[in-house]
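# Structure at a glance
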Amino acid sequence: MGVSRLLEGLLRQAAPELTVNSAGIDIDEDDRGLDEDARQALIEVGARCDGDPLQLTASLADRADVVVIVGDIDATDYVAPDCETERWTFDDPAVRGIHGKARYVDIREQMLGRIHDLARRLAAGE
């Protein structure tokens, strides 16, 4: 677990007044915590993401003001059509052979602008 949890930690840092959850569509019960490389990329900017990943359910999605779908996953079985969603894609550094902490730092930097924009919009009730 890494990219969505990384974004969770960054959004929590950008908007501590919001309730932010990261959830996946196929969570393994044995999958705990946060990828260590993603955790280190968060620590560099003073952010954190604690706890275990959540399984995305329709009920969880229905409670959200917006569901951010990261990458090209198909979440249609988990998110109702009338639920507000945004799809965030990014240039995955792994395609260029960049892995580990450097991969998460690259993704973090790609996503910071979107994270701050979302935090601003949610705080303004947009």
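Report follows, based on the coordinates. Note that the coordinates shown come from a computational prediction; the quantities given were computed from them, not determined experimentally. (Residues numbered from 1 in each chain as written. Predicted model: local features only at pLDDT ≥ 70, side-chain atom pairs only at ≥ 80, totals over all residues. Heavy atoms only, no water.)

### Let's talk about the environment of T19
Along the chain, the position of T19 falls in the loop between helix 1 (3-14) and strand 1 (23-24). On the accessibility criterion, T19 (74% relative accessible area) is exposed. Once the C-alpha coordinates of T19 and D82 are considered, the two residues, 63 residues apart in sequence, prove to be 21 Å apart. (Helix = DSSP H or I, 4+ residues; strand = E, 2+ residues; numbered from the N terminus. Buried < 20%, exposed > 50% of the residue type's maximum accessible area, 1.4 Å probe, protein only.)

### Digging into the side chain of E86
Looking at where E86 falls in the secondary structure, it is placed in strand 4 (residues 85-88). Taking the relative accessible area as the measure of exposure, E86 reaches 16% and is therefore buried. Polar contacts involving the side chain of E86 include one to the side chain of R121, which spans 2.8 Å. Excluding its chain neighbours within four sequence positions, the residues that come into contact with E86 are V66, V67, V68, I69, L118 and R121. (Polar contact = N/O pair within 3.5 Å; in protein donor to acceptor, adjacent residues only side chain to side chain. Contact = heavy atoms within 4.5 Å.)

### Topic: the packing of helix 2 (residues 36-43) against helix 4 (residues 100-123)
Two quantities define a packed helix pair, namely the angle between the axes and the distance from one axis to the other. Remark: helix 2 packs on helix 4, axes separated minimally by 8 Å, with the N-to-C direction vectors making an angle of 50 degrees. In terms of orientation, helix 2 lies oblique with respect to helix 4. For helix 2 against helix 4, the interelement crossing comes out right-handed. Contacts between helix 2 and helix 4 involve D37, A38, Q40 and A41 from the former and G100, K101, Y104, V105 and R108 from the latter. (Axes fitted to C-alpha atoms, helices over the stretch in contact; angles between N-to-C directions. Parallel < 35°, antiparallel > 145°, perpendicular 65-115°, else oblique. Left-handed = near helix turned anticlockwise from the far one by under 90°.)

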